[in-house]
There are 2 protein chains.
Amino acid sequence: MKITNLLFAAVALGLATGASAQMKPEDQIKFRKAGYSFMSWNMGKLKGQLIDNPASFNKDQVAAAANLIAATANSGMGALFGPGTDKDAGSQKTRVKAEFFQQPDEVKKLAGAFIKEANDLQKVAATGDAAAIKVQFGKTGESCKACHDKFRKDD
Amino acid sequence: MKITNLLFAAVALGLATGASAQMKPEDQIKFRKAGYSFMSWNMGKLKGQLIDNPASFNKDQVAAAANLIAATANSGMGALFGPGTDKDAGSQKTRVKAEFFQQPDEVKKLAGAFIKEANDLQKVAATGDAAAIKVQFGKTGESCKACHDKFRKDD
């Protein structure tokens with residue numbers, strides 16, 4: 001395949017630039033919100049099959065949702081919290097608190113805890129053991145909530 | 001862990017309901033757009049490290065981006081194209097063409113091709129072979145473009 005074809009395909013897709021240092025704050029906020037939003041859809045599917053309606057439990061769907069959550073956790077979203085993204089930018093609103101940018105060690109701790117729980121969720125989901133997945137789903141949700149409680153505005 | 005704690009965590013997270021049959025068209029559109037948007041950020045990272053600036057190639061980052069793309073491809077997004085999502089709903093605009101809902105066999109074919117290329121991208125990305133990853137990145141982008149060309153409005 002020629003490079004020109006690759007470039008053409010990339011341009012046609014409207015791909016974002018890879019380097020967040022060159023990415024506008026507005027776009028960084030847009031992409032990080034998209035990541036959390038799509039992850040929440042997948043957390044919702046797990047809640048549906050593990051808690052709300054256990055009879056609907058589907059091993060493959062649960063594993064797929066867990067894979068998405070783990071992949072999002074490991075995608076390097078920290079790059080989407082660059083300078084200028086501590087407040088609304090362009091058309092994008094953000095609920096992140098100013099404290100998030102002032103407490104990098106605490107953010108790193110909470111992010112690391114979330115990544116660990118998400119990786120464990122992916123592993124246990126692959127086993128198909130609904131009871132064990134439910135426990136790990138709870139731990140993952142709590143690791144999300146720990147960051148929301150500390151660094152996310154209520155609305 | 002008590003179920004009440006799980007439920008509390010789920011409610012606190014503002015999780016979407018798992019069953020898209022019960023999900024409003026507006027929310028289905030919101031989540032599918034989020035999925036494509038976050039995926040495009042990851043495609044953009046691949047473009048940056050494979051094409052725009054090969055010197056920045058980082059095996060782990062490339063593998064993480066490919067994992068995200070494959071996990072998104074396999075997340076069952078078809079559930080987010082339910083009745084009422086063929087047009088703008090609430091605050092959500094959609095660029096999907098009416099033909100998308102009239103040609104399920106063609107959609108299935110294109111979606112299957114994309115999933116195959118994304119899975120192959122994940123596999124080749126795990127090897128760290130930049131040249132091979134670049135080829136497969138091109139194929140994946142073309143499978144995205146095939147659907148965009150056919151079923152996505154220009155703006």
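Residues numbered from 1 in each chain as written. Chains lettered and ligands numbered in written order. Predicted model: local features only at pLDDT ≥ 70, side-chain atom pairs only at ≥ 80, totals over all residues. Heavy atoms only, no water.

## Considerations on the pattern of salt bridges
Residues and elements named next belong to chain A. For the structure shown, the criterion picks out 16 salt bridges over all chains. Between D120 and K123 there is a salt bridge, and its shortest N-O distance comes to 4.0 Å. Remark: K123 and D120 occur in helix 5 (residues 104–125); sequence separation between them is three residues, near one turn of the helix. Residue D120 is classed as partly exposed on the basis of its relative accessible area, which comes to 23%. (Salt bridge = Lys/Arg side-chain N within 4 Å of Asp/Glu carboxyl O. Helix = DSSP H or I, 4+ residues; strand = E, 2+ residues; numbered from the N terminus. Buried < 20%, exposed > 50% of the residue type's maximum accessible area, 1.4 Å probe, protein only.)

## Observations regarding helix 2 (residues 25–52) of chain B
Taking 1.5 Å of rise per residue, the 28 residues of helix 2 of chain B would be expected to cover 40 Å, and the 38 Å separating its terminal C-alpha atoms lies within 8% of that figure. By the criterion of burial, helix 2 of chain B is predominantly enclosed, with 21 of the 28 residues buried. (Expected span 1.5 Å × (residues − 1).)

## Regarding the packing of aromatic side chains
Per the counting criterion, the structure on display carries eight aromatic pairs over all chains. When the centroid spacing of 5.6 Å and the interplanar angle of 85° are considered together, the rings of F100 of chain B and F151 of chain B count as edge-to-face. Taken together, the residues F100 of chain B in helix 4 (residues 99–102) and F151 of chain B in helix 6 (residues 130–151) connect sequence positions 51 residues apart. Each member of the aromatic cluster is reached from another via a ring pair, and the members are F81, F100, F101 and F151 of chain A. Taking NZ or CZ as reference, K45 of chain A lies 3.6 Å from the ring centre of W41 of chain A, over its face. (Phe/Tyr/Trp six-rings, centres within 6.5 Å; stacked < 30°, edge-to-face > 60°. Lys NZ or Arg CZ within 6 Å of the ring centre and 35° of its normal.)

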